[in-house]
Amino acid sequence: MIIRSWRPEDAAALARAINDEAVQANLRDGLPFPYTVSDAEAFIGFALSAGDGMYSFAVTENDVCIGSISVTRGENIHRLTGELGYYIARERWGRGYATRAAQEICRYVFENTDIVRIYAEPFADNAASCRVLEKAGFTLEGTLRANAIKSGRIRDTRMYSLLRE
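Residues numbered from 1 in each chain as written. Predicted model: local features only at pLDDT ≥ 70, side-chain atom pairs only at ≥ 80, totals over all residues. Heavy atoms only, no water.

Help me understand the pairing of strand β6 (residues 139-150) in this model?
In summary, the side chains of a regular strand alternate between the two faces of the sheet. Looking at chain direction, β6 and strand β7 (residues 153-163) are connected through eight bridges and run antiparallel. The partner of Ile149 across the bridge, within β7, is Ile154. Connecting β6 to the next strand, β7, in antiparallel fashion are two residues, including Ser151 with a positive phi near 55°. (Pairing = 2+ DSSP bridges. Helix = DSSP H or I, 4+ residues; strand = E, 2+ residues; numbered from the N terminus.)

What is the right way to read the sheet that holds strand β5 (residues 117-120) from this model?
In a beta sheet, neighbouring strands pair by backbone hydrogen bonds and run either parallel or antiparallel. Strand order in this open sheet of seven strands is β1-β2-β3-β4-β5-β7-β6, and the pairing throughout is mixed. At either end of the open sheet lies a strand with only one pairing partner, and these are β1 (3-4) and β6. Sheet analysis places strand β4 (residues 81-88) next to β5, joined by three bridges and oriented parallel. Bridged to Glu83 within β5 is Tyr119.

Sorry, what's going on with unusual backbone geometry here?
Among all residues save glycine, negative phi is the norm, and among peptide bonds the norm is trans. Cis geometry marks the peptide bond from Phe33 to Pro34; its omega dihedral reads 0°. Structurally, Pro34 is set in the loop between α2 (21-24) and α3 (37-49). For Asn62, which is not glycine, the phi dihedral falls at a positive 55°. Relative to the helices and strands, Asn62 is located in the loop between β2 (54-61) and β3 (64-73). A relative accessible area of 74% means that Asn62 is categorised as exposed. Positioned with a positive phi, Ser151 is a non-glycine residue whose angle comes to about 55°. Along the polypeptide, Ser151 turns up in the loop between β6 and β7. Given the relative accessible area of 70%, Ser151 is considered exposed. (Buried < 20%, exposed > 50% of the residue type's maximum accessible area, 1.4 Å probe, protein only.)

Everything listed here is a matter of geometry and, on its own, says nothing about what the molecule does.
Right under this line is the structure:
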């Protein structure tokens, strides 16, 4: 396993992993930059108390946090669907951590919840993230044109999904 439950002592490593413009460039807006240890402590506290709405784990190497992965449950008619989100510290990119973490969290969610569909919506030009999803067994459903705005640029996203077998 490379994912595990969050621990308060993960805060400093989490802050180092996400306090990088290259990492944040492909994430949704709303994360502070610079990202402080206090920000990480607040996130870890939230993740540990989220209950049935979010399944969030530390991505680790030798039990040290190198990133984050979560599945967030949808609401109303989408309550059996979860959205996958993840990031890995830049110095660990290209080593398969995101793919393995995605496989592990999807297995966990399908085995321990009633969620039947997990989806992810990376920016279409984020080839590395799209490849992570493909290697993790997700199916490309299509491109959502002009679907997001990030750093003042309107961008396409891709819709990937994985269904409970």
